[in-house]
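Chain by chain, the residues run as shown.
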Amino acid sequence: MNTQNEARNLSMVMDLYELTMGNGYFTGDDTSTKVVFDVFYRNNPDKGGFSIFAGLGQIIEYIENLHFDDKDIAYLKDIGIFDERFLEYLKSFEFRGDIYALEEGTVMYPDEPVITVIAPLVDAQLIETAILLEVNHQSLIATKTRRICHAAAGRLVSDFGARRAHNMDAAVYGARAAFIGGASSTATVLAGQMFGIPVSGTMAHSWVMFYQDEFTAFKKYAETYPDMTVLLVDTYDVLRSGIPNAIRTAKEVLEPMGKRLKGIRLDSGDLAYLSKKARKMLDDAGLSDCIIVASNSLDEFTIQSLITQGARIDSFGVGERLITSKSEPVFGAVYKISAVENNGVFEPRIKVSENVEKITNPGLKKLYRVYDENNKAIADIIAKYDEELEDLSEVSYIDPLKPWKRRSFKGCRFVNLQKQVFKDGRFTGTKKSVQEIAGYVKKQLDNEIWIEEQRFEYPHRHYLDMTPAYYEMKRELLASVKE
């Protein structure tokens, strides 16, 4: 498999302030002090009930390949603001820290530590942008795709978005994220090559328009691809020309070869009306096995509406509104310091804001998912790092939105969601294929996550609770903040 870094060094994909702070820490002899940074986000896109964590694979690649070559050092020197000793230090720089993260594909919720970096101060600072851009992009597209696939109600969804993506990387890694989110295939060939994602695609209107008439275009295509003939039938007139010529191609070209017409594609017009009319015409011609594919600025709401209207569509090709997450194009994950080591002990740090939702969860911590006796995820809970929550024991918790209510979990399982992926700068986890990650997403949503959390409007809020010990630590830290 090709990698993001195979032909280029992306180490300099970072904000300048990471380097200016790194330089400042270095010249202040703060290169060995360890800190803790958490990656989290504050709101689910499109007011949804959850998000899907994606992009970890590329974060791993970035950190494994992180180095500054001679051209990088020369460029930084030309900027003229960095200490020569710091530039010399960067020449042999390698990430030295520990990283804990959710398993890629995990269903996640706001304000949870998705990734935790425990590393020397400079190391932790230099990887901020790379981590955030991967999490923010791929988690956004995976989450949007899952919404689209949910609306499709078991019908196939293909990623058709490359030409509307924001650049080549966005097309390739957007396709990766879309597959994780539930897309069955992509039209982006490089994504297929790199990740083993099935590729799909047929013809453009230009193919039909190039030939002297529609039937000739269909005939040429069927003769070239007899085992995968899907005909685009809306170039001229769907019902009077496109469907009749598709049926003629099936009868006069494919059937004499012992082949069947695989499908037709609708890319304009009233898709509900046209698909119902097309289905009847195909069925009447003995082509009940011919599928109907629809495309044209689709999203979860359009697809849901089409199905409600009784559209006879078997598969959806979704482009711009998937690959750009057009309805909400920003995910919003942030990277905040939560603890600083002092004499071997990590002292918690908290960011306070006039906006309550921007107050951070401090300290080194654990994130558990709570499962009931039916293996349904009923809540997540943040605990202090040294707290162990035992399965089936009674565990008290506090809902930070209703702290006056003291409650407890009984007869539940507690699964620590973060796993170590780097130790002392070396990868220690297990690299998984996108097929395995996509399967993990499906398993959670089919079996563990409440269906009420998956609805589009007013989804059930997944509770993020805190152990009493953690809540008290946060409360005391807030009380100690000096204005």
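Scroll up to find the structure.
Novice: Requested: an account of the overall build of the chain, with residues and values cited.
Specialist: Broken down by element type, the chain carries 16 helices and 21 strands. Residue burial in the chain is summarised as follows: out of 483 residues, 53% are buried. Of the roughly 22,300 Å² of accessible surface on the chain, 50% is carried by carbon and sulfur atoms.

Novice: Can you break down the sheet that holds strand 3 (residues 98–102) residue by residue, with the values?
Specialist: Read from one edge to the other, the open sheet built from seven strands follows the order 13-12-1-5-3-19-20, with strand pairing classed as antiparallel. Edge positions in the sheet fall to strand 13 (345–348) and strand 20 (426–427), since each of these pairs with one other strand and no more. Each of strand 1 (34–40), strand 5 (115–120) and strand 12 (334–342) is contacted by helix 6 (residues 128–152), which is oriented at about 140° to strand 12, the strand it contacts most.

Novice: How would you summarise the packing of helix 1 (residues 16–27) against helix 4 (residues 84–91) if you had to cite specific residues and measurements?
Specialist: Interaxial distance between helix 1 and helix 4 falls to 9 Å at its minimum, and their mutual angle equals 105°. On the basis of the axis angle, helix 1 is roughly perpendicular to helix 4. Residues L19, G22, N23, F26 and T27 of helix 1 touch helix 4, and the partners they reach there are R85, F86, Y89 and L90. Taken together, the residues of the contact of helix 1 with helix 4 break down into five nonpolar, three polar and one charged.

Novice: Mind laying out the packing of aromatic side chains, listing which residues take part and the relevant values?
Specialist: Under the criterion given, the structure shown has 18 aromatic pairs. Taking 4.5 Å as the distance between ring centres and 15° as the angle between the ring planes, the aromatic pair formed by F37 and Y335 counts as stacked. Placement of the pair is F37 in strand 1 and Y335 in strand 12, with a sequence separation of 298 residues. Taking relative accessible area as the criterion, F37 reaches 6% and is therefore assigned buried. When the centroid spacing of 6.2 Å and the interplanar angle of 70° are considered together, the rings of F409 and F414 count as edge-to-face. Take F409: its relative accessible area is 6%, and that puts it in the buried class. Sitting over the ring of Y385, K366 keeps its end group 5.6 Å from the ring centre. R413 extends its terminal NZ or CZ atom over the ring of Y371, reaching a point 4.7 Å from the ring centre.

Novice: Account for the environment of V441, naming residues and giving values.
Specialist: Within the fold, V441 resides in helix 15 (residues 434–448). Among residues more than four places away in sequence, those in contact with V441 are I52, G105, R146 and I180.

Novice: Would you mind going over the side chain of Q138 in detail, with residue names and values included?
Specialist: Looking at where Q138 falls in the secondary structure, it is placed in helix 6. A polar contact is formed between the side chain of Q138 and the side chain of R176, at a distance of 2.9 Å. Residue contacts for Q138: discarding those within four places in its chain leaves A54, G55, Q58, E104, Y173, R176 and A177.

Novice: Can you break down the pattern of salt bridges residue by residue, with the values?
Specialist: With the rule as written, the count across this model stands at 33 salt bridges. In this structure, D299 engages R321 in a salt bridge whose closest nitrogen and oxygen atoms are separated by 3.3 Å. With D299 in the loop between strand 10 (291–294) and helix 13 (300–308) and R321 in helix 14 (residues 320–323), this residue pair connects regions lying 22 residues apart in the sequence. E388 is the partner of K366 in a salt bridge, and the nearest nitrogen-oxygen pair spans 2.6 Å. Of this pair, K366 sits in strand 14 (residues 365–371) while E388 sits in the loop between strand 15 (377–384) and strand 16 (395–398), and the two are 22 residues apart along the sequence. Here the residues in one salt-bridge network are D46, K144, R147 and E300, joined through shared partners.

Novice: Explain the environment of V13 to me, using residue names and the numbers behind them.
Specialist: Considering the arrangement of structural elements, one finds V13 in the segment before helix 1. Taking the relative accessible area as the measure of exposure, V13 reaches 34% and is therefore partly exposed. For the pair V13 and Y273, spaced 260 residues apart in sequence, the C-alpha separation works out to 48 Å. If near-sequence neighbours (up to four positions away) are discounted, V13 is found in contact with Y62, T129, A130 and L133.

Novice: Run through the sheet that holds strand 7 (residues 185–186), naming residues and quoting values.
Specialist: Across the sheet, which stays open at both edges, the six strands sit in the order 7-6-11-10-9-8 with parallel pairing between neighbours. Both edges of this open sheet fall to strand 7 and strand 8 (230–232), since each of them pairs with a single strand only. Looking at chain direction, strand 6 (residues 156–159) and strand 7 are connected through two bridges and run parallel. Within strand 7, the residue paired with S158 across the bridge is S185.

Novice: Account for the side chain of D267, naming residues and giving values.
Specialist: In this structure, D267 sits in the loop between strand 9 (263–266) and helix 12 (271–284). Within the local environment of D267, its side chain forms a polar contact with the side chain of S295, the two groups lying 2.6 Å apart. Apart from the residues lying within four places of it in its own chain, the contact partners of D267 are H205, L232, D234, S295 and N296.

Novice: Tell me about helix 7 (residues 168–181), and name the residues and values.
Specialist: Helix length check: helix 7 (14 residues) gives 20 Å between terminal C-alpha atoms against 20 Å at 1.5 Å per residue, within 8%. Most of helix 7 sits out of view: twelve of its 14 residues are buried. For helix 7, the N-terminal cap is N167; the gap from its side-chain oxygen to the backbone nitrogen of D169 is 3.0 Å. Note on helix 7: the residue one or two positions beyond its end, G182, has a positive phi of about 130°.

Novice: Can you lay out the packing of helix 6 against helix 13 for me, pointing to particular residues and giving the numbers?
Specialist: Each pair of packed helices can be described by the angle between their axes along with the distance between the axes. Two numbers describe how helix 6 lies on helix 13: the axes approach to 8 Å, and their chain directions differ by 5°. Taken together, the axes of helix 6 and helix 13 lie roughly parallel to each other. Here K144, R147, I148, A151 and A152 of helix 6 lie close against helix 13, whose contacting residues are E300, F301, I303, Q304 and I307. Residues that form the contact of helix 6 with helix 13 fall into these classes: six nonpolar, one polar and three charged.

Novice: An account of the nonpolar core is needed here, citing residue identities and associated values.
Specialist: Membership of the largest hydrophobic core comes to 122 residues, with the highest contact counts inside it found for L90, I115, V117, I127 and I264. In terms of residues, this core owes the most to one element, helix 6, which gives eleven residues. If we skip the residues at most four places from it in the chain, I127 touches E18, Y62, I63, L66, F95, I99, V117 and Y335. Core analysis: the second largest hydrophobic core is formed by eleven residues, Y368, I381, C412 and F414 among them.

How each quantity is defined
Residues numbered from 1 in each chain as written. Predicted model: local features only at pLDDT ≥ 70, side-chain atom pairs only at ≥ 80, totals over all residues. Heavy atoms only, no water. Helix = DSSP H or I, 4+ residues; strand = E, 2+ residues; numbered from the N terminus. Buried < 20%, exposed > 50% of the residue type's maximum accessible area, 1.4 Å probe, protein only. Areas by Shrake-Rupley, 256 points an atom, 1.4 Å probe, with all protein chains shown as cover. Pairing = 2+ DSSP bridges. Contact = heavy atoms within 4.5 Å. Axes fitted to C-alpha atoms, helices over the stretch in contact; angles between N-to-C directions. Parallel < 35°, antiparallel > 145°, perpendicular 65-115°, else oblique. Nonpolar A, V, L, I, M, F, W, Y, C, P; charged D, E, K, R; others polar. Phe/Tyr/Trp six-rings, centres within 6.5 Å; stacked < 30°, edge-to-face > 60°. Lys NZ or Arg CZ within 6 Å of the ring centre and 35° of its normal. Polar contact = N/O pair within 3.5 Å; in protein donor to acceptor, adjacent residues only side chain to side chain. Salt bridge = Lys/Arg side-chain N within 4 Å of Asp/Glu carboxyl O. Expected span 1.5 Å × (residues − 1). Core = buried A, V, L, I, M, F, W, Y, C linked by side-chain atoms within 4.5 Å.

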